[in-house]
Amino acid sequence: RYDGAGNLEFMVKSGGTWTIVSKTPVSVSTNTFYWLRFLVQGTSVSLKIWKSGTTEPSTYTWTGTSSAVTASGKVGLYGWAASGAPVSFDTFSVS
């Protein structure tokens, strides 16, 4: 999720508790679309963000591991919206 304070967060919910796995600073602008890619394989987690219309970066913004990722589960997106600056999603896919 984007937390509204300049950070992209990767969060895991396990046993009813949310854990922030990564909190990575990003610079985003209103009225601009961005692509996000998350990769989760076992306990390895990677994420990247880039502005729509630009080339996808070859490296991830953040890569690490999390013991909170213990099994398969659900995935989703959560965005923080400021007054007059809504969050919208136009594509979401899981593979």
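Everything here concerns the structure above.
Each value, and the rule that gives it
Numbering of residues starts from 1 in each chain and follows the order in which that chain's sequence is written. With pLDDT at 70 or above as the cut-off, local features in this predicted model cover only qualifying residues; side-chain atom pairs require 80 or more to be listed or tallied, and sums for whole chains, interfaces and linings still use all residues. Based on all heavy atoms of the structure, the side-chain values leave hydrogens and waters out of the count. Here a helix means four or more residues in a row that DSSP labels H or I, a strand means two or more in a row labelled E, and each is numbered from the N terminus. A radius of gyration in this sense is built from C-alpha atoms; the matching globule rule multiplies 2.2 Å by the number of residues raised to 0.38. Burial classes follow relative accessibility: with a 1.4 Å probe on protein chains only, a residue under 20% of its type's maximum area counts as buried, one over 50% as exposed, and anything between as partly exposed. Residues count as neighbours in contact if any of their non-hydrogen atoms are within 4.5 Å of one another. Here the accessible surface of atoms and residues is derived via Shrake-Rupley with a 1.4 Å probe, and residues count as covered only by protein chains that are part of the display. The charge count includes Lys and Arg as positive and Asp and Glu as negative, but it does not include His or the ends of the chains. Charge coordinates come from a single atom per side chain, which is NZ of Lys, CZ of Arg, CG of Asp or CD of Glu. Two strands make a pair as long as DSSP finds a minimum of two bridges between them. Axis definition: a line fitted to C-alpha atoms, limited for helices to the stretch in contact. Angles are taken between N-to-C directions and run from 0 to 180 degrees. We call Phe, Tyr and Trp rings a pair once their centres come within 6.5 Å, taking the six-membered ring for Trp, and we label the pair stacked below 30 degrees between planes, edge-to-face above 60, and tilted otherwise. Note on definitions: salt bridges are taken to be side-chain nitrogens of Lys or Arg within 4 Å of carboxyl oxygens of Asp or Glu.

Secondary structure summary: the protein chain contains zero helices and five strands in total. When the helices and strands of the protein chain are placed in sequence order, the string is β-β-β-β-β. A compact globule built from 95 residues should have a C-alpha radius of gyration of about 12 Å, and the protein chain, at 14 Å, falls within 12% of that. Over its C-alpha atoms, taken along the principal directions, the protein chain stretches across nearly 35 × 30 × 25 Å. Across the 95 residues that make up the protein chain, the buried fraction comes to 23%. Put simply, of all contacts in the protein chain between residues at least 6 apart along the chain, 26% involve residues at least 24 apart. Carbon together with sulfur atoms contributes 50% to the accessible area of the protein chain, which is approximately 6,800 Å² in total. In the protein chain, which carries 7 positive and 4 negative side-chain charges, the distance between the mean positions of the two groups comes to 5 Å.

As a general point, the strands of a sheet are linked pairwise by backbone hydrogen bonds and lie either parallel or antiparallel. The strand order β3-β4-β5 describes an open sheet built from three strands, whose pairing is antiparallel. Two strands in the sheet have a free side with no partner beyond their single neighbour: β3 (34-41) and β5 (62-65). The average undirected angle you get between the axes of adjacent strands in this sheet is 10 degrees. Examined bridge by bridge, strand β4 (residues 44-51) and β5 share four bridges and lie antiparallel to one another. Of the residues in β5, the one forming a bridge with serine 46 is threonine 63.

This brings us to the packing of aromatic side chains. Counted according to the given criterion, the structure contains two aromatic pairs. Taking the centre distance of 5.8 Å and the plane angle of 40 degrees together, the rings of phenylalanine 10 and phenylalanine 38 count as tilted. Of the two residues, phenylalanine 10 sits in strand β1 (residues 7-14) while phenylalanine 38 sits in strand β3, which places them 28 residues apart along the sequence. A relative accessible area of 31% places phenylalanine 38 in the partly exposed class. Ring centres 6.4 Å apart and planes at 20 degrees place the aromatic pair tryptophan 35 and tryptophan 50 in the stacked group.

Applying the stated criterion across every chain, the model contains four salt bridges. Linking lysine 23 and aspartate 3 is a salt bridge whose minimum nitrogen-to-oxygen distance equals 3.9 Å. Residue lysine 23 is located in strand β2 (residues 17-25), and its partner aspartate 3 is located in the segment before β1; the two are separated by 20 residues in the primary sequence. Given the relative accessible area of 12%, aspartate 3 is considered buried. Of the charged contacts, one joins lysine 48 and glutamate 56 as a salt bridge, the two residues approaching to 3.0 Å between their closest N and O atoms. Residue classification places lysine 48 among the buried residues on the basis of a relative accessible area of 4%. When its relative accessible area of 31% is taken as the criterion, glutamate 56 is described as partly exposed.

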